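# What the coordinates show
Here's the letter readout for the chains.
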Amino acid sequence: MVSSLKRTYGSGIREASTYLGQNYLVVDSAAVMDVLNILRQEQEFDYCVDITAAHYPQREKQFDLIWILYSFSKNERVRVKTQLGDGESLPTSTSIWPTANWLEREVFDMFGITFEGHPDLKRILLPDGWKGHPLRKDYGIIQQDKEWVQINLGIESGQ
Amino acid sequence: MTDPTTYLSHLELGQPDKTFLDSNELIINMGPQHPATHGVLRVILKLDGEKVLGTECVIGYLHRGVEKIAEHRTYTMFNPYVDRMDYVAAVSNGLGYCEAVEKILNVQAPPRANYIRVILAELNRLASHMLWLGTHALDIGAMTPLFYTFRDREEILKIFEKYCGARLTTHAFRIGGCQYETYEGFEDDVKKFLDFVPPKIDEYEELLTTNRIWVERTKGVGYISGDDCIALGVTGPVLRASGVKWDIRKAQPYAAYSDFDFEIPIGQNGDTYDRYIVRMEEMRQSLRIIRQAIERIPEGPIMAKIPKVIKPPVGEIYHSIEAPKGELGYFIVSDGSTQPYRVRVRPPSFVNLQALDLMVRGQLVADVIAVIGTLDIVLGEVDR
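Just so it is clear, the structure is predicted and the values come from calculations on it, not from any experiment.

Residues and elements named next belong to chain B. With nine of 11 residues buried, helix α14 (residues 365-375) is to be regarded as a mostly interior element. Of all the positions in α14, only D367, V368, I369, A370, V371, I372, G373, T374 and L375 are classed as buried. Count one or two residues on from α14 and you reach D376, which has phi positive near 55°.

Structure (structure tokens):
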């Protein structure tokens, strides 16, 4: 599978390896949508388990975006990982797996990564008017949107 | 409270017709304070008379930032927090987390610890399904099953209390195994429970399975096909009731599950009734697993050799288990320090809830209640 992908995308696939028995691919953000499409259409990864991200503020490309995929026919998991800079966006994968809808909304809510063409991209866990994206590393653990709390809850602080 | 119509962008709200002879579309709020939403779930319904044209879930009322907290705690300190997500199946949450950390540390819990884990996790699956059955039946209008199931669930909670001192948020396991050896009389208690419960499950079935009202309210309600389940990432009993025979305990066995004989019950119709039948059968299969485990439980240590200070090597790991509600996964990123760099919880309730819209479109308002019940969501896990 990896070799056929590498033939098509060449340098787009940076790394394909196994850590503690779990397979993962590191892919350039320009090639990642094609790779996901191929994994779904040709390699039968029909179940998108999860989409998530991790923030590395020291890096130039600050975000890791991770798809965890599973194939029912092969009983196999694979992770696809790509790097994304702050302010960059990717096309949505809701057309590949409808379940990506809420998962991408959560990534947007928590990290501020936007997905182009998403049918309904808005916050999901935090209130609509909230400022900031809490799972970024520069967001403090007790930090909160004071203005929102004061206006909507009528209290000085939520702490 | 914000104007509900602002949420409905994707439902293509037209202007309602002006004459009252045409049926007007109506937007109503269900929740967040509504006894049948099993917590603080707000569903905005777009109705044509009694018919549901579309829904929008507003969630996050119970958001506590569990994933953020994880980044500021050591691996060991974060362990009790996971119990507070799916608080009716805390043992499963703990099992998933401990196994994920063990995986990234590359250690294995000893066999005896794995057997204790299986016994407690399956007892917890029973407790979770009992609570589901009682509340689901109550939502639909049958009050008696609630008292029956809560009475019998109490016996499970008593075992938990004797084992680790807590009834709900148990914190039963530690990274590397179990902290507590089984108490004296544990095996007798479990065996007594195994004899006590099967007739009770028959009793619940007697109340509901052929009950005319129950059948009318559940058959054909909230249909979802197997393909739609897969596309929407729906797992657990909901997936199996749509005819997909998939259970992580069989597909990718963890703990000691490969040692036991059990069946994966499946349904054909993918409706609320089949999901009820599947869960009832799952309870019986759980009893089968517990019986095998308690008879064959090996002697030996209950803790693996793990360092006092847990510092996993740099790397990423994803590990998932079959929680009572579906696939519960933990994605852990380690930077080599004592605190996880990132913990992502893949919650089954959150992903399953996304299917609500598809399942209730074209059905009646009263069926929305039945479908929320049959999805078996816990809002603590949806919102984390």
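Once the structure has been displayed, the description carries forward.
Residue and element names in this part refer to chain A. Despite not being glycine, N75 has its phi angle at roughly 50°, a positive value. Its location among the elements puts N75 in the loop between β4 (63-71) and β5 (76-84). N75 gets classed as exposed once you count the C-beta atoms within 10 Å, which come to 11.

All names here are of chain B. What the domain assignment lists for chain B is domain 1 (4-58) and domain 2 (66-383). Counting residues at the interface gives 16 residues for domain 1 and 17 residues for domain 2. Looking at the side of domain 1 that touches domain 2, the element that brings in the most residues is strand β3 (residues 51-58), giving five residues.

Here H133(A) is to be found in the loop between β7 (114-116) and α4 (146-153). Excluding anything up to four places from it in sequence, H133(A) contacts M110(A), F111(A), G112(A) and Y139(A).

Let us look at helix α2 (residues 75-82) of chain B. Residue and element names in this part refer to chain B. Taken residue by residue, α2 has Y75, F78, Y81 and V82 as its buried positions. For α2, the angular spread of buried residues about the axis comes to 95°, placing them on one side. On the buried face of α2, the contacting elements are α1 (66-71) and α3 (90-105).

What counts, and at which threshold
Residues numbered from 1 in each chain as written. Chains lettered and ligands numbered in written order. Predicted model: local features only at pLDDT ≥ 70, side-chain atom pairs only at ≥ 80, totals over all residues. Buried ≥ 20, exposed ≤ 12 C-beta atoms within 10 Å, placed from the backbone. Helix = DSSP H or I, 4+ residues; strand = E, 2+ residues; numbered from the N terminus. Domains from an automatic or database assignment. Contact = placed C-beta atoms within 7 Å. Arc of directions from axis to C-beta.

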